[in-house]
Structure formats: C-alpha cells, structure tokens
Amino acid sequence: MNIQKDSVVRFHYTVSEQGQEPMETSEGRDPLAILVGHGNIIPGLEKAMEGRTAGEKFEVDVSAAEAYGERRDGLTQRVPKKHFEGQRLQPGMQVVLNTNFGPRAVTIQKVGMSVVDVDLNHPMAGKDLHFAIEVIEVREASAEELEHGHVHGAGGHQH
Ligand code: ZN
C-alpha cells in the first residue's frame, strides 16, 4: 500500500545538515515507526513520504522552515544543576532535560557552580537538512493508534 494519511510507516533514516557528514542514523537500531498525518515527524519529511511503498529508498532535502524551524534568540534558560542528575556537563553538549512539558533536547551554554545556562532551541533548528530514508513497512493504523495519535508496538509506544 502507498503511504497516506493515517498510515503507519516503519523506516530507517540518516539525517545530515546539507553538505555535511551524517549527524544521526537509525542504522543498527530498530526502525522508527510513525503515524502519518499526526505531527509525529517534521512536516517536510512527512510530505516526502506520501505515496511511497515498503522497500522504497529515497533522499530528500528539507529546509529549516519545514524541519525544526528557524533558530530563535533569547531562548536561554538558567536551570539548577541538580536537574542534570550528576551528568558531566560541557558547553556545546546536547542533553535531554526533563521539563514541565516533557523531555526536551537542549544545548549546554555555560556551566556555573549551582546553575547551568541552556539553549532551548532544538539542536537542529535553523539547519537545512538532508534525509536518506528506507521504508521498511507500511500498514493501516488501528483504531486505537488513531485515537492516541501515535504508533503502538515495535518502534512506537509500548503501553
Ligand atoms: Zn498509545
């Protein structure tokens, strides 16, 4: 079947900043599973998936605006060090911080004695990205998955 709204897609991905070495890949891990049309992944990549089928490989360029958005100034926040649970912190390092809005990837800017300044911009904000995708599986979502807005089982939510 072709990928369309409410399809469940399992896929491997490799992402790089355009013209750069790969930053992240799912190779060697389980494929990622998403529910199409529910904001599970960035809009540019979701759009590029439409109409593809299992086994298909493709590459796509996605502009920052269609990926993680432009970088915003003034998104620095001062966080008590205890929130980092004893991790060894260095400026430029990316960590996942548990916030009131759930886990969030942040970049360490400055490490003080008891507080840490972090940049809340997504690490890939402001970057034009290049994706290499391999579609592993396409299936229809279950009623429960549609209700939750995400995939259950392998590569998705386990609950
Ligand atoms: Zn669920």
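Higher on the page you've got the structure.
Residues numbered from 1 in each chain as written. Predicted model: local features only at pLDDT ≥ 70, side-chain atom pairs only at ≥ 80, totals over all residues. Heavy atoms only, no water.

Brief notes about the sheet that holds strand 6 (residues 94-99)
- A sheet is described by the order of its strands in space; here 4 strands give the open sequence 5-8-7-6, paired in antiparallel fashion. Of all the strands in the sheet, just strand 5 (76-80) and strand 6 have a single pairing partner and so form its edges. Neighbour to neighbour, the strand axes of the sheet diverge by 50 degrees on average, direction disregarded.
- Bridging between strand 5 and strand 8 (residues 115-119) involves 5 bridges; their strand directions are antiparallel. From the neighbouring strand, proline 80 faces strand 8, where its bridge partner is valine 115. (Pairing = 2+ DSSP bridges. Helix = DSSP H or I, 4+ residues; strand = E, 2+ residues; numbered from the N terminus. Axes fitted to C-alpha atoms, helices over the stretch in contact; angles between N-to-C directions.)

With respect to the coordination of the zinc ion
- Those protein atoms acting as donors to the zinc ion are His148 (ND1), His150 (NE2), His152 (NE2) and His159 (NE2), and they sit at 2.0 to 2.1 Å.
- With 4 donor atoms in place around the zinc ion and angles of 99 to 123 degrees between them, the coordination shape is tetrahedral. (Donors = N, O, S within 2.8 Å, 3.2 Å for Na, K, Ca; no water. Tetrahedral: all angles 85-135°; square planar, octahedral: opposite > 155°, others 65-115°.)

Focus: the side chain of serine 7
- Counting through the fold element by element, serine 7 comes out in strand 1 (residues 7-17).
- Separated by 2.9 Å, the side chain of serine 7 and the backbone oxygen of glutamine 4 make a polar contact.
- In this view, serine 7 contacts Met1, Asn2, Ile34, Leu35, Val36, Val138 and Arg139; residues no more than four positions away in its chain are not counted. (Polar contact = N/O pair within 3.5 Å; in protein donor to acceptor, adjacent residues only side chain to side chain. Contact = heavy atoms within 4.5 Å.)

Some thoughts on the environment of valine 118
- Structurally, valine 118 can be placed in strand 8.
- Not counting residues up to four positions away in its chain, the partners in contact with valine 118 are Leu75, Thr76, Gln77, Val79, Phe84, Val106, Thr107, Ile108 and Gln109.

Thoughts on the nonpolar core
- Ranked by internal contacts, the top residues of the largest apolar core, which has 22 residues, are Val9, Leu45, Met49, Phe131 and Ile133.
- Elements that contribute at least two residues to this core include exactly strand 1, helix 1 (43-49), strand 4 (57-62) and strand 9 (129-140).
- Of the residues forming this core, the biggest block, 5 residues, is contributed by strand 9.
- When neighbours within four sequence positions are excluded, methionine 49 is seen to be in contact with Ile3, Val9, Phe11, Ile41, Phe58 and Ile133.
- By size, the runner-up hydrophobic cluster in this structure holds 11 residues, among which are Leu75, Val106, Ile108 and Leu120. (Core = buried A, V, L, I, M, F, W, Y, C linked by side-chain atoms within 4.5 Å. Buried < 20%, exposed > 50% of the residue type's maximum accessible area, 1.4 Å probe, protein only.)

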